[in-house]
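Inside the fold
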Amino acid sequence: MTGEGAVRVDVDAGTCVGSTWCTTVAARTFVMGPDGKAHVASLDGVDIEELQEAEDSCPVSAIRVTGPPTDEGA
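An account of the accompanying structure is given in this report. Values in this document were obtained by computation on a predicted structure and should not be read as measured data. (Residues numbered from 1 in each chain as written. Predicted model: local features only at pLDDT ≥ 70, side-chain atom pairs only at ≥ 80, totals over all residues. Heavy atoms only, no water.)

**So, the environment of glycine 18**
Relative to the helices and strands, glycine 18 resides in the loop between strand E1 (8-11) and helix H1 (21-25). Ignoring anything within four residues of it in the chain, the contact list for glycine 18 reads Met32 and Gly36. (Helix = DSSP H or I, 4+ residues; strand = E, 2+ residues; numbered from the N terminus. Contact = heavy atoms within 4.5 Å.)

**Details of the environment of valine 60**
Among the secondary structure elements, valine 60 is positioned in the loop between helix H2 (48-57) and strand E4 (63-66). Counting along the chain gives 48 residues from valine 60 to aspartate 12, while the straight-line C-alpha distance between them is 9.8 Å. Ignoring anything within four residues of it in the chain, the contact list for valine 60 reads Thr15, Cys16 and Val17.

**Examining the pairing of E4**
Along any regular strand the residues' side chains alternate between the sheet's two faces. By the alternation rule, side chains of E4 split into Ile63 and Val65, which are all buried, and Arg64 and Thr66, of which none is buried. When E1 meets E4, the two strands line up antiparallel, connected through four bridges. Within E4, the residue paired with valine 9 across the bridge is valine 65. (Buried < 20%, exposed > 50% of the residue type's maximum accessible area, 1.4 Å probe, protein only. Pairing = 2+ DSSP bridges.)

Structure (C-alpha cells):
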C-alpha cells in the first residue's frame, strides 16, 4: 500500500487470544510474538483483501484495518 492515505493495521494485544488465524490468512503481515499474541510484521506488498480477511477471521475482533476508501466503481 503506497501513496496518500496508506492502510493501517492494529492488533489489540489485550484482546488477542493467539488463535493464529491472522498468520494463516495473511502470513506476510502477521507474526506471533513471544507473548503468544499476533503482531504486525510488515505491510510491504500486502493485499488489502488479505488484510480484511484476517480482520474478519479474528475470533475476538482484535484486528482493525483502516485506510482510505477504495475507488472501486468510480
